[in-house]
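Each chain, letter by letter, is given below.
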Amino acid sequence: MARENASYDLVVIGGGAAGFFGAITAAEMNPNISILILEKTTKLLSKVRVSGGGRCNVTHHCFESTPLSKHYPRGSKELKSLFRKFQAKDIVDWFESKGVRLKTEEDGRIFPVTNNSQTIIDCFLREAEQHQIEIKLQSEVKEINPDKNGFILDSSSGKISTRKILIATGGYNSLQNYGWLKSMPIINPIPSLFTFNDSDKKFKDLMGVAVKEAEIKIAGTKFSETGPILITHWGLSGPAVIKLSAWAAEYLYEKHYTFTALVNWTGQISEESLRKDLQELNIHHGRQKINNNPLYKIPSRLWTRLCELAEIDNNRTWAELPRKNLNRLVEFIIRCPFEIKGKTTFKEEFVTCGGVDLKSIDLDAMESKLVKGIYFAGEVLNIDGETGGFNFQAAWTTAYLAAKAISE
């Protein structure tokens, strides 16, 4: 418990991943500093708990700074240099030094071997206790004012003085309450990492059908991603869709999430190659019934639907297929249209695109250029990554650099 009207060397605002890692790292680097974590809710590390379906996807197996930085639609350039100081291998080593064994899955995501996010939470709570870091729940910071010794925080649990502040709130909205911090340059926060709502629902009854390697594009743009796509009762989901939502977040926001998505169910086979393959079928397998023989590993239920949309009769063979229906089938295989209206948050892993403008931050220390003594880490910054552990990695890296500067 925090002491009312107490004075600290560091107050961390936000009891999430970046806040805890920053506090613990600062204490490790300088055991003599007093630290308090303030969390406005009743729950600590809530995003850690739900990450990776409750398993906590701590980072991604990408141990070089340049390739790692390319997974961030916002902040890529800045993170490229920051990752040279603290990257994915470093956080893996840190957790394993605390007795938390990690594993890398086939897609590169890294989880605790327990497959339980509570393992990560317990690690943070144990380290915080060991370093005598104080924690206060239901303590919302209402105002921050400068003081001769640093800052005075007016919180719901009383006034607190501190030399330095680390803001790791996970979102920028609380900055609106911090008096003169309202002047911090903010990039308008908008959603990232979401699924697409199909207004026509013509595939609704196929929910659960997945294609392992498909390509999805936003019509009329260069936005395109390849990977697994899942048909849901509301529209489209899966890694390719989620990744596309991150890279196209600003464009889709401007379009009010109303656009046409085009899916190539083959992956990246071109129209020319597709037509050549169909011509070969016509010549060598002309008697083969089209509906009963899916191509390109397309799931049979989905293939049947594509044939229905192309108005191909159940008993139609390749040799009997009219050109009109052939052309329609080609279109639905490589440019299957979905009229998207709206979005759905991806599970509980809501991420924002936007936040404190990186131009206003001294990136070597993650310190505000406008207000010395105030540091930022995690999602409150205008940094966001693809799904797969990249957002946590940005939190670990920025919190580490802030802690290093704070402890000196």
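Just so it is clear, the model here is predicted, and its values are computed rather than measured.

The rules behind each value
Residues numbered from 1 in each chain as written. Predicted model: local features only at pLDDT ≥ 70, side-chain atom pairs only at ≥ 80, totals over all residues. Heavy atoms only, no water. Helix = DSSP H or I, 4+ residues; strand = E, 2+ residues; numbered from the N terminus. Buried < 20%, exposed > 50% of the residue type's maximum accessible area, 1.4 Å probe, protein only. Contact = heavy atoms within 4.5 Å. Phe/Tyr/Trp six-rings, centres within 6.5 Å; stacked < 30°, edge-to-face > 60°. Lys NZ or Arg CZ within 6 Å of the ring centre and 35° of its normal. Pairing = 2+ DSSP bridges. Axes fitted to C-alpha atoms, helices over the stretch in contact; angles between N-to-C directions. Left-handed = near helix turned anticlockwise from the far one by under 90°. Nonpolar A, V, L, I, M, F, W, Y, C, P; charged D, E, K, R; others polar. Core = buried A, V, L, I, M, F, W, Y, C linked by side-chain atoms within 4.5 Å. Salt bridge = Lys/Arg side-chain N within 4 Å of Asp/Glu carboxyl O. Right-handed = clockwise from strand over helix to strand, strands pointing away. Disulfide = S-S within 2.5 Å.

Colleague: Report on the overall build of the protein chain, specifying residues and quantitative values.
Modeller: Helix and strand counts for the protein chain stand at 12 helices and 20 strands. Referenced to the eigenvectors of the C-alpha coordinate spread, the extents of the protein chain come out at roughly 85 × 40 × 35 Å. Burial analysis of the protein chain (408 residues in total) assigns 53% to the buried set. Pairs at least 24 apart in sequence give 73% of the contacts found in the protein chain among residues at least 6 apart.

Colleague: Explain the packing of aromatic side chains to me, and be specific about the residues and the numbers.
Modeller: Any pair of aromatic rings gets described here by the distance separating the centres and the angle formed by the planes. Tallied over the full model, the rule gives 20 aromatic pairs. Geometrically, the ring pair formed by Phe203 and Trp265 is tilted, given 6.4 Å between the ring centres and 50° between the ring planes. Taken as a pair, Phe203 in the loop between β11 (194-198) and β12 (210-218) and Trp265 in the loop between β15 (258-264) and α9 (271-284) lie far apart in primary sequence, 62 residues in all. Between Trp265 and Phe338, the aromatic rings sit 6.2 Å apart at their centres with planes inclined by 75°, giving edge-to-face as the arrangement. Within this pair, whereas Trp265 is found in the loop between β15 and α9, its partner Phe338 is found in strand β16 (residues 336-345), the two being separated by 73 residues in sequence. Each of the two residues, Trp265 as well as Phe338, counts as buried. Aromatic rings pair up to connect Phe20, Phe21, Phe86, Trp94, Phe95, Phe124, Phe392, Trp396 and Tyr400 into one cluster. If you follow Lys202 out to its NZ or CZ, it ends over the ring of Phe338, 5.3 Å from the centre.

Colleague: How would you explain the pairing of β16 if you had to name every residue and give the values?
Modeller: As paired strands, β11 and β16 are joined by four bridges and run antiparallel to one another. Residue pairing in the sheet places Thr195 in a bridge with Thr344 of β16. Bridge count for β15 against β16 is six bridges, and the pairing is antiparallel. Pairing of Ala261 across the sheet is with Phe338, part of β16.

Colleague: I'd love a proper account of the sheet that holds strand β14 (residues 235-237), names of residues and values included.
Modeller: Here we have six strands rolled up into a closed barrel, ordered β11-β14-β13-β12-β15-β16, and antiparallel in their pairing. Across the sheet, the axes of successive neighbouring strands diverge by a mean angle of 50°, strand direction being ignored. The pairing of strand β13 (residues 224-231) with β14 spans two bridges and is classified as antiparallel. The residue of β14 that forms the bridge with Ile231 is Leu236.

Colleague: Report on the packing of helix α1 (residues 17-29) against helix α6 (residues 118-130), specifying residues and quantitative values.
Modeller: Packing of α1 against α6 leaves a shortest axis separation of 10 Å and a crossing angle of 35°. You can see that α1 and α6 cross each other, and the crossing is left-handed. For the pair α1 and α6, contact is made by Phe20, Phe21, Ile24 and Glu28 and by Phe124, Leu125, Glu127 and Ala128, respectively. Class assignment of the residues belonging to the contact of α1 with α6 gives a composition of six nonpolar, no polar and two charged.

Colleague: Describe unusual backbone geometry, and please don't skip the residues or the numbers.
Modeller: Its identity as a non-glycine residue notwithstanding, Asn115 has a phi of 55°, on the positive side. Relative to the helices and strands, Asn115 is located in the loop between β5 (109-112) and α6. Unlike most non-glycine residues, Tyr296 shows phi in positive territory, near 55°. Locating Tyr296 in the fold gives a position in the loop between α9 and α10 (300-309).

Colleague: Run through the nonpolar core, naming residues and quoting values.
Modeller: Judged by nonpolar contacts, the single largest core of 80 residues is most densely connected at Phe95, Phe124 and Leu153. No other element matches the 12 residues that helix α12 (residues 390-407) contributes to this core. If we ignore the near neighbours within four places in the chain, the residues touching Leu153 are Val11, Ile13, Leu38, Val141, Glu143, Ile144, Gly158, Lys159, Ile160, Thr162 and Ile165. Counting 46 residues, the second largest nonpolar core, distinct from the first, contains Ile218, Val263, Leu302 and Phe338.

Colleague: Can you lay out the pattern of salt bridges for me, pointing to particular residues and giving the numbers?
Modeller: Close approach of charged atoms lets side chains of opposite charge pair. Under the criterion given, the structure shown has 22 salt bridges. A salt bridge links Arg109 to Glu105, with the shortest nitrogen-to-oxygen separation between them at 3.7 Å. On the accessibility criterion, Arg109 (26% relative accessible area) is partly exposed. A cluster of three or more residues bridged by salt bridges with shared partners is formed by Arg55, Lys103, Glu105, Asp107 and Arg109.

Colleague: Could you give me a rundown of the pairing of strand β2 (residues 35-38), with the residues and numbers involved?
Modeller: What you see with β2 is no split at all: Ile35 and Ile37 on one side and Leu36 and Leu38 on the other are buried throughout. Between the parallel pair strand β1 (residues 7-13) and β2, the chain is carried across by α1, and the sense of this crossover is right-handed. Pairing between β2 and strand β6 (residues 134-136): three bridges, direction parallel. Following the sheet pairing, Leu36 is matched in β6 by Glu134.

Colleague: Kindly report on the state of the cysteines, identifying the contributing residues and their values.
Modeller: Applying the stated criterion across every chain yields a total of zero disulfides. No disulfide involves Cys62; its sulfur sits 18 Å from the nearest other cysteine sulfur, which is in Cys56. Take Cys62: its relative accessible area is 14%, and that puts it in the buried class.

Colleague: I'd like to hear about the environment of Ile133, residue by residue, with values.
Modeller: Inspection of the secondary structure assignment puts Ile133 in the loop between α6 and β6. In this structure, the C-alpha to C-alpha distance between Ile133 and Met366, residues 233 residues apart in sequence, is 21 Å. What Ile133 contacts, discounting residues up to four positions off in sequence, is Ala23, Ile24, Ala27, Ile35, Ile37 and Ala128.

Colleague: Provide a residue-level description of the environment of Val11, including the pertinent values.
Modeller: In this structure, Val11 sits in strand β1. Val11 gets classed as buried once you look at its relative accessible area, which sits at 0%. Between the C-alpha atoms of Val11 and Asn30, which are 19 residues apart in sequence, the distance is 15 Å.

Colleague: Mind laying out the side chain of Gln393, listing which residues take part and the relevant values?
Modeller: With respect to the helices and strands, Gln393 occurs in helix α12. For Gln393, a relative accessible area of 0% gives the class buried.

So yeah, pure geometry; function would need other evidence.
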